[in-house]
There are 2 protein chains.
Amino acid sequence: MALTQTAETRYTKPVLVAVNKPFDDEDGLQALRSHPLFSELNGKDLQHLIQQSRRIRLGHHQLLYRQDMPAHHFFFVISGRLRLYRLDSSGIDRTLDSIAPGDCFAEVMIYADPPRYACYAEALKSSEVLMIPVKAYQDMLESNPKYAQAALRHYAKRAVSRFHDLEIMTVQNARDRLIRYLIDLLPNGAEEGGEVELPLPKCLVASRLAMQPETFSRILADLKANGLVRVNRSRLFISDPQRLIEISQ
Amino acid sequence: MALTQTAETRYTKPVLVAVNKPFDDEDGLQALRSHPLFSELNGKDLQHLIQQSRRIRLGHHQLLYRQDMPAHHFFFVISGRLRLYRLDSSGIDRTLDSIAPGDCFAEVMIYADPPRYACYAEALKSSEVLMIPVKAYQDMLESNPKYAQAALRHYAKRAVSRFHDLEIMTVQNARDRLIRYLIDLLPNGAEEGGEVELPLPKCLVASRLAMQPETFSRILADLKANGLVRVNRSRLFISDPQRLIEISQ
DNA sequence: AAAACACTTTGAGTTAGATCAATTACTCCC
DNA sequence: GGGAGTAATTGATCTAACTCAAAGTGTTTT
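Per-chain numbering applies: the sequence of each chain, read as written, is numbered from 1 onward. Each chain gets a letter, beginning with A, and each ligand a number, beginning with 1, in the order they are written. Given that this is a predicted model, residues contribute local features only at a pLDDT of at least 70 and side-chain atom pairs are listed and counted only at 80 or more, while totals for whole chains, interfaces and linings are drawn from all residues. The side-chain numbers reported here are obtained from all heavy atoms of the structure, hydrogens and water having been left aside.

Participant: Just checking my understanding: could you explain the domain arrangement of chain A for this structure?
Facilitator: A common way to state how big an interface is: give the accessible area lost once the parts meet. Residues and elements named next belong to chain A. Boundaries of every domain are those given by an automatic assignment or by a domain database. Along its sequence, chain A is carved into domain 1 (3-167) and domain 2 (171-247). Inter-centroid distance (C-alpha atoms) of domain 1 to domain 2 is 27 Å. Residue contacts are counted whenever heavy atoms from the two residues lie within 4.5 Å of one another. Facing the 13 residues of domain 1 at the interface are ten residues of domain 2. For the pairing of domain 1 and domain 2, the buried interface totals around 920 Å² over both sides, and the portion due to carbon and sulfur atoms is 54%. We count a salt bridge whenever a side-chain nitrogen from Lys or Arg sits within 4 Å of a carboxyl oxygen from Asp or Glu. Between domain 1 and domain 2 we count one salt bridge in total. Among the ionic pairs, Arg180 bridges to Glu167, the shortest N-O distance being 3.4 Å. Note on definitions: buried area is the accessible-area loss of two parts on being combined, 1.4 Å probe, summed for both.

Participant: It is not clear to me how the UniProt feature "domain: Cyclic nucleotide-binding" (unreviewed entry) in chain A should be interpreted in this structure. Could you clarify?
Facilitator: UniProt positions are given in the numbering used here, feature names are shortened, and annotations may be inferred rather than shown by experiment. Per the UniProt record, "domain: Cyclic nucleotide-binding" (unreviewed entry) is found at residues 37-158 of chain A. Each helix is a run of H or I in the DSSP string that is no shorter than four residues. Each strand is a run of E no shorter than two, and both are numbered from the N terminus. With 28% helix and 34% strand, residues 37-158 of chain A has its two end C-alpha atoms placed 12 Å apart.

Participant: I tried to follow unusual backbone geometry on my own but got confused; where do I start?
Facilitator: With the exception of glycine, most residues fall at negative phi, and the peptide bonds are largely trans. Positive phi, normally seen in glycine, also occurs at Ala210 of chain A, with a value near 55°. Mapped onto the elements, Ala210 of chain A comes out in the loop between helix 7 (202-208) and helix 8 (213-225). Using a 1.4 Å probe on the protein chains alone, a residue whose accessible area is under 20% of its type maximum counts as buried, one over 50% counts as exposed, and one in between counts as partly exposed. With relative accessibility at 9%, the residue Ala210 of chain A sits in the buried group. Even without glycine at this site, Asp68 of chain B takes up a positive phi of about 75°. Residue classification places Asp68 of chain B among the partly exposed positions, given a relative accessible area of 46%.

Participant: Please clarify how the nonpolar core should be interpreted in this entry.
Facilitator: The tendency in soluble globular proteins is for nonpolar side chains to be buried as a group. Core analysis: the biggest nonpolar cluster contains 164 residues, and Phe38 and Phe105 of chain A together with Phe38 and Phe105 of chain B have the highest contact counts within it. Not counting residues within four places of it along the chain, the set of residues in contact with Phe105 of chain B comprises Leu64, Tyr65, Phe74, Phe75, Val77, Leu82, Leu84, Ile99, Ala121 and Val129 of chain B. Residues belong to one nonpolar core when they are buried, are Ala, Val, Leu, Ile, Met, Phe, Trp, Tyr or Cys, and are joined through side-chain atoms within 4.5 Å.

Participant: Honestly, the interface of chain A and chain B in this entry has me stumped. Any pointers?
Facilitator: With 43 residues of chain A at the interface, the matching set in chain B holds 43 residues. Here chain A packs against chain B, burying approximately 4000 Å² in sum over the two surfaces, 69% of which is carbon and sulfur. Per-residue buried area on chain A facing chain B is highest for Tyr111, Leu152 and Phe163 of chain A; these three make up 18% of the total on that side. With a shortest N-O distance of 3.0 Å, Arg94 of chain B and Glu167 of chain A are connected by a salt bridge. For the purposes of these results, a polar contact is taken to be a pair of N or O atoms within 3.5 Å, where, inside protein, one atom must be able to donate a hydrogen and its partner to accept one; residues adjacent in sequence count only when each atom of the pair is a side-chain atom. Taken together, the connections running from chain A to chain B amount to twelve residue pairs in polar contact (both at pLDDT 80 or more). Of all the secondary structure elements, the ones that give two or more residues to the side of chain A that touches chain B are strand 4 (82-87), strand 5 (93-99), helix 4 (134-143), helix 5 (145-169) and helix 7 of chain A. By residue number, the principal contributor to the side of chain A that touches chain B is helix 5 of chain A, which donates 16 residues.

Participant: Before we go on, may I ask you to explain the environment of Pro101 of chain A in this structure?
Facilitator: Residues and elements named next belong to chain A. Along the chain, the position of Pro101 falls in the loop between strand 5 and strand 6 (104-105). With 146 residues separating them in the primary sequence, Pro101 and Ile247 have C-alpha atoms 34 Å apart. Contacts of Pro101, omitting those with residues within four sequence positions, involve Val77, Ile78, Ser79 and Gly80.

Participant: Would you take a moment to explain the relation of the copies chain A and chain B for this structure?
Facilitator: One copy of the chain maps onto the second through a rotation around an axis plus a translation along that axis. Our superposition of the copies is a least-squares fit, built on the C-alpha atoms of residues whose pLDDT is at least 70 in both. Overlay of chain A on chain B (RMSD 0.1 Å): rotation 180°, translation along the axis 0.1 Å. Taken together, these values place the two copies in the relation of a two-fold axis. In this assembly the copies share their binding face: 100% of the residues contributing to the interface of chain A also contribute to that of chain B.

So, in structure tokens, the structure goes:
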């Protein structure tokens, strides 16, 4: 409930805080290099891009950008976790995505016209992101056709995954939406059981799935009571995904 | 209800019917040239691509491809209208998109890996589509960097629009989902009123918006009774979109 | 260690929307 | 133009999920 009216009221001013620490730790660089949008870049180009980027540190619940703000940068998550959400006219906060370290977001803005962020982005805990100028990446893409191929593959994958998200949301009842969501979180899908970590606090998963936190809680309690999931804070253990699918008919 | 169990039961065999008529009518060609994925192609390349493509005629309710089928082609709609949908384990049919003449679909498959269709596609009425080999388009993209830029812009736009679709679906009540859907159909959005043609039969709009046909019908009847829309078959007239937004709070 | 805060769970009452059933209206054929 | 098939509407229940309220749990702050 506190969360349902977060952004506009809570955070007003200091949107961005750059840190001077350069982006050169081996782990972070390695993660960047293994992202499809950057893996094709040669050493020199990658170096150049990083030089033009800034490393941003975000505190718990800090806002990175606002919906409709002009979008001159896109982002790579170094550490922490963020969420994307929109605010409608009545101020209701609707979570659309969560972003983990190693992911990019707002990268779609590289070619959006006009370049405005389509949603809010805030840190769910203290996080660090690399803020990459759209222009710099764009120039690079144009300089080497191979780069564009990689970007296309990335965009295609993203489009498929959004399509899939949409599919879940056309499921009419809350229980089945939650079940499908959980199965998608499993490393091997419905193939085999496993442990799942909710990428968002429960009340935000609820928002993502268009249900109330109370409903989420009750459904999960019910699945637990029926031995379908074991719950430990935000970690869920699903032993038999097939059974879950069956009960969702 | 008949529609809720369409594809698997109704259409079993003849998925594709090519027609010999070449794709050279001025209107169709003009439409193709004005699509972002093709507008940058020079005359020779476009000609070459068309030669490798086939023109397909689809009857009312005819299936073009199935979910999970290997995807070697993508499509451009010459005439008619199609819809994309998925079928879940219990055979429920969930409409995800509708495609009008001048649009492309399954174009995301150009770079998908593995290349499998993510949904079913069927004609809503008798239609003609151009079936373009993924490989041919891919080769062309690689041959000219300018082409890739155009494709990237297209993909970016597509991703933003899917994101927006997802947002609508996180709206929790059926009435507000329908209102937002209608406003998105308006040529100028909430700016000014206008006439809207439903891109799908009402029962499929309902499916797209995760509600029952009965609910759709009742909500529309209610909006009509309150003078918010005028309804004439599948054409709706919305005089004051702002008022619609207000009542959706 | 207590207080403040943020999130989750549980309970009780209410309602939006699903379901079931029947009627009406179109559309396409013959 | 009549009949079959499909889609849309309307009515009457019933239930899933929302709302409001309160208590419980965990985390951070001082």
